[in-house]
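What follows is the residue order along each chain.
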Amino acid sequence: MSSPEIQRDALRAAILRATADLASSRTAYGEGIAARVGLAATDVEVLRLLGAEGAMTVGRLGELTGLTTGATTRMVDRLEQAGFVRRVADPADRRRVKVALAGDRATPVLRAYDPVDDAARAALDGLDDGALAALHDYLVACVDAYRAGPSPAGSGARDAGAAAVAGSVAPVASATAGRLVFVTGAPSVRIGGGVDLGAELYRARFTGATPSARVRDGVVTIRYPRFAWFDWRARVGDQWLNASAHWKRHTSDLVLNATLPWSVELRGGATALDADLGAVTLTALTLAGGAGSVSLTLGRPSGVVRVRLAGGFGDIMVVRPAGVPVVLSVKGGYRKATLDGTAAWSPGRIATAGAETAPDRFEIEIAGGANRVTVRGA
C-alpha cells in the first residue's frame, strides 16, 4: 500500500474515532447539565430540540428522541409541571396540540451549550464550501445509519422505563408546606434535604423504572406502574432477609426544599428507604407495606412528630439529634430492638426521660415484623 493510501486510511480511522468521541462527549456534557438543573438527560435533549426547531408535536419529539409515545407524553407532563414547556394549539390545525418552550425557564439550560456551539462554529469558519458540504453529507450518513439500526427489544422506540435516568422538578409557587406521597410501592427511595433549591419545591431523579409525578398545592404525588417484584423480604427462621438485590439499579432520589415543613408518606412499601431529613422540618412520616431496610436521620422536632413504620422489615435504623425526646412503641416481632442502647420489649413502649410530656418529641411506632430496630442519638 502506497504512502498516500496509508495516510488516507489513518485519517479515516482518526475521523471515525473523533466521531465516537464526539457522541460520548455530547452525552456526558448533557448529563452534566441535567444533573445541575435536576432533570434527565433526555429532558435536556428535548429542551434543545424545542429551542432549535420551535414547537412540535409529542409524536415528533418521540421520533427525534427514540421514546415511545407514552414515555414522551410522561416526559412532557413532567416538563410542563416544572414550568419548562407548555402545550399550545397548532395554528395550522386547531385540533392538533404542539409542545413549546414556556417563557425563559429553559434559557439557562440552552445557554449552557453556548461554549460548545461557539467552538463548533469557529471550527467550521475555516472550511470552504466543498469541505462543508462533504462534512454535512458524512454526518447525515452517520445519523441515517443509527436511525436504521436495531432498537431495544425489537420495538421502534424505547420506553422511559428502560431509560437510565429520568427526572422531575416543580416550583414552590404558593405552597406553604410540602407533602411527599408515594401512592404505590416503590423501588429504593432516597430522600434528602438541606440543599438550596431556590424557588423549586423538590427535585427527583429516577433510575430504571420511571413513575408519574404530579404536583398540586405543595403535594407531590408519585405513582409507579404496578410491579410484580414487591416480594423484597422473606422470613427465614427468626430473621427477615432483604431479597431486593435484583432491583438495586431501580432508585428514586429526591431532594426536598428545606424552607418548607414536610410530611412523607409511602403507602405501598419500598425495597429500601434511606431518608436524611436532618435539615428538614418533618411533620410526620408513614411507611406502610414494609421495606427491605430503613435508615432515617431526623432533625429537631417541632411539636409531636409521629413516625409510623408498618409491615415486614429487615433492619431499621433511626438517628435523631442527641437529647431529643423520643417515645418508641413496638407492636410486632423482632430479633432485637433498642432505644439509646436500652432494650425494648414487644409489645411494649419505651421512652427517654421526660419524653411522654415533652412538647417537642418524636413518637416512633413499629407495627410489623423486623429483624433489628435501633433508635439512637447522633
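Everything numeric in this text was worked out from a predicted model, so none of it was measured.

Definitions and limits used
Residues numbered from 1 in each chain as written. Predicted model: local features only at pLDDT ≥ 70, side-chain atom pairs only at ≥ 80, totals over all residues. Heavy atoms only, no water. Helix = DSSP H or I, 4+ residues; strand = E, 2+ residues; numbered from the N terminus. Buried < 20%, exposed > 50% of the residue type's maximum accessible area, 1.4 Å probe, protein only. Contact = heavy atoms within 4.5 Å. Areas by Shrake-Rupley, 256 points an atom, 1.4 Å probe, with all protein chains shown as cover. Axes fitted to C-alpha atoms, helices over the stretch in contact; angles between N-to-C directions. Parallel < 35°, antiparallel > 145°, perpendicular 65-115°, else oblique. Nonpolar A, V, L, I, M, F, W, Y, C, P; charged D, E, K, R; others polar. Salt bridge = Lys/Arg side-chain N within 4 Å of Asp/Glu carboxyl O. Patch = residues over 30% accessible without salt bridge, like charges linked within 9 Å, V, L, I, M, F, W, Y side chains within 5 Å. Core = buried A, V, L, I, M, F, W, Y, C linked by side-chain atoms within 4.5 Å. Pairing = 2+ DSSP bridges. Expected span 1.5 Å × (residues − 1). Phe/Tyr/Trp six-rings, centres within 6.5 Å; stacked < 30°, edge-to-face > 60°. Lys NZ or Arg CZ within 6 Å of the ring centre and 35° of its normal.

A.B. asks: Can you help me understand the overall build of the chain in this one?
C.D. replies: Check the secondary structure of the chain and you find 7 helices and 23 strands. Every one of the 378 residues in the chain was classed for burial, and the buried ones make up 41%. For the chain, restricting intrachain contacts to residue pairs at least 6 apart in sequence, the fraction spanning at least 24 positions comes to 63%. Accessible surface computed for the chain: about 19100 Å², of which carbon and sulfur atoms make up 54%.

A.B. asks: What exactly am I supposed to notice about the side chain of serine 263 here?
C.D. replies: Note on placement: serine 263 falls in strand 12 (residues 262-266). Taking the relative accessible area as the measure of exposure, serine 263 reaches 18% and is therefore buried. Every residue in contact with serine 263, bar those within four places of it in the chain, is listed here: Gly178, Arg179, Leu180, Thr283 and Ala284.

A.B. asks: I'm lost on the packing of helix 2 (residues 41-53) against helix 4 (residues 69-81) in this one. Help?
C.D. replies: Running from N to C, helix 2 and helix 4 point in directions that differ by 80°, and their axes come no closer than 11 Å. By the criterion of interaxial angle, the relationship of helix 2 to helix 4 is roughly perpendicular. Between helix 2, through Thr42, Asp43, Val46 and Leu47, and helix 4, the contact on the second element is made entirely by Met75, Arg78 and Leu79.

A.B. asks: Would you mind showing me how to read the packing of helix 1 (residues 3-37) against helix 2 here?
C.D. replies: Helix-helix packing: each pair is described by the crossing angle between the helix axes and the interaxial distance. Packing of helix 1 against helix 2 brings their axes to within 8 Å, and their N-to-C directions diverge by 100°. Taken together, the axes of helix 1 and helix 2 are roughly perpendicular relative to one another. Together, Arg26, Gly30, Glu31, Ile33 and Ala34 of helix 1 and Ala41, Val44 and Arg48 of helix 2 make up the contact between the two elements. Along the lines of polarity and charge, the residues of the contact of helix 1 with helix 2 split into 4 nonpolar, 1 polar and 3 charged.

A.B. asks: Please clarify how the pattern of salt bridges should be interpreted in this entry.
C.D. replies: Oppositely charged side chains can pair when the atoms bearing their charge come close. This model, assessed by the stated rule, comprises 20 salt bridges. A salt bridge links arginine 87 to aspartate 77; the nearest nitrogen and oxygen atoms lie 3.0 Å apart. Remark: aspartate 77 occurs in helix 4 and arginine 87 occurs in strand 1 (residues 85-90); sequence separation between them is 10 residues. Between glutamate 200 and arginine 105 there is a salt bridge; the shortest N-O distance is 3.8 Å. In this pair, glutamate 200 sits in strand 6 (residues 200-207) while arginine 105 sits in the loop between strand 2 (93-101) and helix 5 (107-111), placing the two residues 95 residues apart along the sequence.

A.B. asks: Explain a nonpolar patch on the surface to me, please; I cannot follow it from the model alone.
C.D. replies: Taken together, Leu124, Leu127, Leu132, Leu135 and Leu139 make up a surface patch of nonpolar side chains, about 350 Å² in accessible area. Element by element, the count of residues in the nonpolar patch is highest for helix 7 (residues 129-147), at 3 residues. Of note, leucine 132 is situated in helix 7.

A.B. asks: Whenever I open this one, the nonpolar core confuses me. Can you help?
C.D. replies: Most often, soluble globular proteins have nonpolar side chains that are buried together. Counting 56 residues, the largest nonpolar core has Leu180, Ile191 and Tyr202 as its most contacted members. Counting residues in each nonpolar core, the second largest holds 26 residues, with Ile33, Leu39, Val44 and Met75 among its members.

A.B. asks: Just to check I follow, could you spell out the environment of arginine 214 for this structure?
C.D. replies: Position of arginine 214 among the secondary structure elements: in strand 7 (residues 212-216). For arginine 214, the residues in contact, after removing those within four places along its chain, are Asp77, Gln81, Val219, Val220 and Thr221.

A.B. asks: Quick question: what am I supposed to make of the sheet that holds strand 16 (residues 304-310) here?
C.D. replies: Whether parallel or antiparallel, the strands of a sheet pair through hydrogen bonds between backbone atoms. Taken together, 9 strands build an open sheet; the order of strands is 7-8-4-12-14-16-22-18-21 and the sheet is mixed. Each of the sheet's edge strands pairs with one partner strand only, and the pair in question is strand 7 and strand 21 (348-351). Adjacent strand axes in the sheet meet at a mean angle of 10° when their direction is disregarded. Two elements, strand 16 and strand 22 (residues 361-367), share 7 bridges in a ladder whose sense is parallel. Opposite valine 305, over in strand 22, you have phenylalanine 362 as the bridge partner.

A.B. asks: Where do I start with the pairing of strand 13 (residues 273-277) in this structure?
C.D. replies: Each regular strand shows side chains that alternate between the opposite faces of the sheet. Burial of strand 13 is one-sided: the residues Leu273, Ala275 and Leu277 facing one way are buried, the residues Asp274 and Asp276 facing the other way are not. Inspection of the sheet shows strand 5 (residues 188-193) paired to strand 13 by 4 bridges, in the parallel sense. Bridge pairing in strand 13 places isoleucine 191 opposite alanine 275.

A.B. asks: Help me out: how do you make sense of helix 2 in this one?
C.D. replies: Owing to its 3.6 residues per turn, the α-helix aligns residues three or four sequence positions apart on the same side. Over its 13 residues, helix 2 extends 18 Å from the first C-alpha to the last, a length consistent with the 18 Å expected when each residue adds 1.5 Å. Where helix 2 is concerned, the buried positions are Thr42, Asp43, Val44, Val46, Leu47, Leu49 and Leu50. One or two residues past the end of helix 2 sits glycine 54, with phi positive at roughly 85°.

A.B. asks: Could you clarify how one ought to interpret the pairing of strand 8 (residues 219-223) in this entry?
C.D. replies: Burial of the side chains of strand 8 is restricted to one face: Val220 and Ile222 are buried, whereas none of Val219, Thr221 and Arg223 on the reverse face is. Here strand 4 (residues 178-182) pairs with strand 8 via 4 bridges, running parallel. By the bridge assignment, phenylalanine 182 is partnered in strand 8 with isoleucine 222. With 5 bridges joining them, strand 7 and strand 8 adopt antiparallel strand pairing. Looking at strand 8, one finds that arginine 214 is bridged to threonine 221. The loop that links strand 7 with its antiparallel partner strand 8 comprises 2 residues; one of these, aspartate 217, has a positive phi angle of about 50°.

A.B. asks: I tried to follow the environment of glycine 103 on my own but got confused; where do I start?
C.D. replies: With respect to the helices and strands, the residue glycine 103 is situated in the loop between strand 2 and helix 5. Sequence separation between glycine 103 and phenylalanine 84 is 19 residues, and the spatial gap between their C-alpha atoms is 7.7 Å.

A.B. asks: Just to check I follow, could you spell out the packing of aromatic side chains for this structure?
C.D. replies: Centre distance and the angle of the planes are the two values used to describe a pair of aromatic rings. Scanning all chains against the criterion turns up 2 aromatic pairs. The side chain of arginine 48 reaches across the aromatic face of tyrosine 113, ending 3.8 Å from its centre. The ring of phenylalanine 84 is capped by arginine 105, whose NZ or CZ atom sits 4.5 Å from the centre of that ring.

Structural measurements only, silent on function.
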